[in-house]
Amino acid sequence: MNAVSQVFAMLAAAIHLIVWPLESFLYGHPRVRFLLTGSTADAPEVRLWRFNVGFYNLFLALGLVAGLVLLHTGHAGSGRAVITYIAAFMVAGGITLFVSEPKIWRGALGQAVPAAAILLAQAF
């Protein structure tokens, strides 16, 4: 796996690690809601969902980190497979997010673009 793919894997992991506490723990703050949804309106009925989605982002980030660790500890094939799978998963998730709610396109791009860059860089 080339250096560009690895840099984008670290970037995608960092984005998902940053979003995790925002969604899971800080969603009650209007500024965080605006960052995530484009609206400051509170929606208490989605707090449980947001908590779960936040941890979902944590697990995706940890998967990329695990893939990078595997890559650099003598398990290159396994590391590449884990990173490729999670990157494809993130791209599909970003597309799904955009299709389901186009007004939060920034979140969809944040999820999909670094992951797409991983996949594209692997092709070269």
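Residues numbered from 1 in each chain as written. Predicted model: local features only at pLDDT ≥ 70, side-chain atom pairs only at ≥ 80, totals over all residues. Heavy atoms only, no water.

*Asks:* What's the story with helix α1 (residues 3–24) in this structure? I'm lost.
*Replies:* Helix length check: α1, at 22 residues, gives a terminal C-alpha distance of 32 Å against a target of 32 Å (1.5 Å per residue), a fit within 8%. Those residues of α1 that fall on the buried side of the exposure criterion are Ser5, Gln6, Ala9, Ala12, Ala13, His16, Leu22, Glu23 and Ser24. At its buried positions, α1 is contacted by α2 (30–37), α3 (47–71), α4 (76–100) and α5 (105–122). A side-chain oxygen of the first residue of α1 lies 3.2 Å from the backbone nitrogen of Val4; this N-cap is Asn2. (Helix = DSSP H or I, 4+ residues; strand = E, 2+ residues; numbered from the N terminus. Expected span 1.5 Å × (residues − 1). Buried < 20%, exposed > 50% of the residue type's maximum accessible area, 1.4 Å probe, protein only. Contact = heavy atoms within 4.5 Å. Polar contact = N/O pair within 3.5 Å; in protein donor to acceptor, adjacent residues only side chain to side chain.)

*Asks:* Mind showing me how you'd approach the packing of α1 against α5 here?
*Replies:* In contact at an axis separation of 8 Å, α1 and α5 are set at 165° when each is read in the N-to-C sense. Classified by the interaxial angle, the pair formed by α1 and α5 is roughly antiparallel. The two elements α1 and α5 meet at a crossing, and its hand is left-handed. Within the contact between the two elements, α1 uses Val4, Ser5, Phe8, Ala9, Leu11, Ala12, Ile15 and His16 and α5 uses Gly110, Gln111, Pro114, Ala117, Ile118, Ala121 and Gln122. (Axes fitted to C-alpha atoms, helices over the stretch in contact; angles between N-to-C directions. Parallel < 35°, antiparallel > 145°, perpendicular 65-115°, else oblique. Left-handed = near helix turned anticlockwise from the far one by under 90°.)

*Asks:* Would you mind going over the environment of Leu70 with me for this structure?
*Replies:* Mapped onto the elements of the fold, Leu70 is located in helix α3. Along the chain, Leu70 and Val82 lie twelve residues apart, while their C-alpha atoms are 8.8 Å from each other. Discounting residues that sit within four places of it in the chain, Leu70 has contacts with His75, Ala76, Ser78, Gly79 and Val82.

On their own, these measurements won't tell you what the molecule is for.
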